[in-house]
2 protein chains.
Amino acid sequence: MKKRYSEELNHLKETVLRMGGLVEKMTHQAVQALVERKREKFSEVTEMEKQVNRLHMDIDEIALGMIALRQPTATDLRFITAAMKINTDLERIGDQAINIVEQAEKLVSVPPVKPLIDIPRMAEIAEEMLKAALDAFVQGNVELAYRTIERDDAVDQLKDQVFRELLTFMMADASTIARSMDLILVSRHLERIADHATNICEDVIFMVKGKDVRHQDPPG
Amino acid sequence: MKKRYSEELNHLKETVLRMGGLVEKMTHQAVQALVERKREKFSEVTEMEKQVNRLHMDIDEIALGMIALRQPTATDLRFITAAMKINTDLERIGDQAINIVEQAEKLVSVPPVKPLIDIPRMAEIAEEMLKAALDAFVQGNVELAYRTIERDDAVDQLKDQVFRELLTFMMADASTIARSMDLILVSRHLERIADHATNICEDVIFMVKGKDVRHQDPPG
């Protein structure tokens, strides 16, 4: 027996949210494992990625099936294609969390180069952005999407700050170079997670307003 | 008067190819500008990005319009959604080319840290991968898509090589740290361009075989 159309739409929405929750948790755990220097947490992140990959395929399948069989209206079609685009961004956030784990595994096997302050702060903002982006998606909340996009600047500033600080460390003491590089790369991965959250917000705005804001400034 | 359906499909394909050609050129020019230390080439890349952003929006509009109005068959629907996914990857390749330009602008204002050999080689493979991925798309050539995916390993190896080499430079002479970092980041951007080419190949395989290969190993 076929599910009702509205149930299918709901199922799609919920699956996207489940995937979003997972990659948010992956990001959080990856950075926590680095901060607390706990190796056992790394494998939890790797385990979660398997579920994310499964959901990644499921979402495309559900979405394509709906487009093919349901001939959705303009509004629903924008919702379904937004779900597909968001799906891609969420999967790549999962990839970035794995990249952080790879860097972090190297970092916890050597003495810390400096207190990590800015890195957990970056992670915090990136996670909040992701959460808000998904809220904006389920609520169709354009205003929240715009506000969330604006937070990306704070992440970029922290990234630059991490870079400048670590450059100073490296200059002063060549023995910190390899470790500093790994930390810089962690900050780049977090920056990209925030970028993906921004992409999701742009897709939400397009979904709601049917207007492409991806290559223009937000209204002042 | 409405265009015929087959003409619309062709128009979509050609627009994707035009965008692909542009981002390939952007990548090439960005690295050439770095190699030849020619500032004037940087602005050419920035100019091209404007066209790419325009095409990025056009392609989504054409594709969504076709899905909404034409009720495409399963095969055509897979083609159209593949075009939309490829569109996203191409736009991000353009972003990476811009990132390379930003790094390169810093690099050409200081003496070179070392001959660039591996970086142009990385760019060459990444460009070839992109070209092959787009060929695979227009021909629906799964075999070419698989072959192209395999080349990603070579890019990763070169990236690791660049990293190790520059780490040695930085360790030996702290005055090279900032420049070495910029070069390492250029190599990361090229790696990501190759990753996007890989994504495109995976979309082609899904398009042709209706089979998701994104989270499994290619057949041996």
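Coordinates for the structure precede this section.
What this report covers is the structure whose coordinates are included nearby.

Reading guide: rules and limits
- Residues numbered from 1 in each chain as written.
- Chains lettered and ligands numbered in written order.
- Predicted model: local features only at pLDDT ≥ 70, side-chain atom pairs only at ≥ 80, totals over all residues.
- Helix = DSSP H or I, 4+ residues; strand = E, 2+ residues; numbered from the N terminus.
- Rg over C-alpha atoms; globule rule 2.2 N^0.38 Å.
- Buried ≥ 20, exposed ≤ 12 C-beta atoms within 10 Å, placed from the backbone.
- Contact = placed C-beta atoms within 7 Å.
- Core = buried A, V, L, I, M, F, W, Y, C linked by C-beta atoms within 7 Å.
- Arc of directions from axis to C-beta.
- Least-squares fit on C-alpha atoms with pLDDT ≥ 70 in both.
- Axes fitted to C-alpha atoms, helices over the stretch in contact; angles between N-to-C directions.
- Parallel < 35°, antiparallel > 145°, perpendicular 65-115°, else oblique.
- Left-handed = near helix turned anticlockwise from the far one by under 90°.
- Nonpolar A, V, L, I, M, F, W, Y, C, P; charged D, E, K, R; others polar.

A tally of helices and strands in chain A yields 7 helices and 0 strands. Start at the N end of chain A and walk to the C end: the helices and strands fall as α-α-α-α-α-α-α. Relative to a compact globule of 220 residues, whose C-alpha radius of gyration would be 17 Å, chain A shows 19 Å and is just as compact. Expressed as lengths along the three principal axes of its C-alpha atoms, the size of chain A is roughly 65 × 45 × 20 Å. Looking at chain A as a whole, 46% of its 220 residues are labelled buried. Counting only contacts in chain A whose residues sit at least 6 apart along the sequence, the fraction spanning at least 24 positions is 80%.

Side chains that are nonpolar tend, in soluble globular proteins, to be buried together. Grouped together as the largest cluster of nonpolar side chains are 134 residues, with contacts concentrated most on Ala133 and Val204 of chain A together with Ala133 and Val204 of chain B. Apart from residues no more than four positions distant in its own chain, Ala133 of chain B is found in contact with Thr148, Ala197, Ile200, Cys201 and Val204 of chain B.

What follows covers helix 5 (residues 142-150) of chain B. All names here are of chain B. Among the residues making up helix 5, those that are buried are Ala145, Thr148 and Ile149. Relative to the axis of helix 5, the buried residues are bounded by an arc of 100 degrees and lie together on one face. Exposed positions of helix 5 whose direction lies more than 90 degrees from the buried face are Glu143 and Glu150. The inward-facing, buried residues of helix 5 abut helix 4 (118-139), helix 6 (152-172) and helix 7 (177-209).

Let us look at the relation of the copies chain B and chain A. Note on the copies: chain B fits chain A at an RMSD of 0.0 Å, the axial shift is 0.0 Å, and the rotation between them is 180 degrees. Taken together, these values place the two copies in the relation of a two-fold axis.

Once that is clear, we can look at the packing of helix 4 of chain B against helix 7 of chain B. Residue and element names in this part refer to chain B. Axis separation between helix 4 and helix 7 bottoms out at 9 Å; the angle between their running directions is 15 degrees. One finds that helix 4 runs roughly parallel with respect to helix 7. Where helix 4 crosses over helix 7, the handedness of that crossing is left-handed. Residues Ile119, Met122, Ala123, Ile125, Ala126, Met129, Leu130, Ala133, Ala136 and Phe137 of helix 4 pack against Leu183, Val186, Ser187, Leu190, Ile193, Ala194, Ala197, Ile200, Cys201 and Val204 of helix 7. The class makeup of the residues in the contact of helix 4 with helix 7 is 19 nonpolar, 1 polar and no charged.

The next point concerns the packing of helix 1 (residues 5-36) of chain A against helix 4 (residues 118-139) of chain A. Residues and elements named next belong to chain A. Here helix 1 crosses helix 4 at 175 degrees, and the two axes come no closer than 10 Å. Judged by the inter-axis angle, helix 1 sits roughly antiparallel to helix 4. Taking contact as the criterion, the partners of Lys13, Leu17, Gly20, Glu24, Thr27, His28, Val31 and Val35 in helix 1 are, on helix 4, Ile119, Pro120, Ala123, Ala126, Glu127, Leu130, Lys131, Leu134 and Val138. In terms of residue class, the contact of helix 1 with helix 4 is built from 10 nonpolar, 3 polar and 4 charged.

Attention now goes to the environment of Ala197 of chain A. Structurally, Ala197 of chain A can be placed in helix 7 (residues 177-209). According to the C-beta neighbour criterion, Ala197 of chain A is buried, with 30 such atoms within 10 Å.

Let us now look at the interface of chain B and chain A. Interfaces are often sized by the amount of accessible area the parts lose when they come together. Counting from both sides, the interface comprises 21 residues of chain B and, opposite them, 21 residues of chain A. Where the side of chain B that touches chain A is concerned, the elements lending two or more residues are helix 2 (40-70), helix 3 (74-107), helix 6 and helix 7 of chain B. Take the side of chain B that touches chain A: its biggest share by element is 6 residues, from helix 2 of chain B. For the side of chain B that touches chain A, the per-class residue count stands at 12 nonpolar, 6 polar and 3 charged.

Glancing now at unusual backbone geometry. Glycine aside, residues mostly have negative phi angles, and peptide bonds mostly take the trans form. Residue and element names in this part refer to chain B. A positive phi is found at Arg37, a non-glycine position, where the angle reads about 55 degrees. Considering the arrangement of structural elements, one finds Arg37 in the loop between helix 1 (5-36) and helix 2. Even without glycine at this site, Gln71 takes up a positive phi of about 40 degrees. If you trace the backbone, Gln71 turns up in the loop between helix 2 and helix 3.

All right, on to the environment of Phe137 of chain B then. Residue and element names in this part refer to chain B. In this fold, Phe137 is placed in helix 4. On the basis of neighbour counts, which here come to 25 C-beta atoms within 10 Å, the residue Phe137 falls in the buried class. Separated by 30 residues in sequence, Phe137 and Leu107 have C-alpha atoms that sit 36 Å apart. Those residues in contact with Phe137 that lie beyond four places of it in its chain are Ala82, Ile86, Ile200 and Val204.

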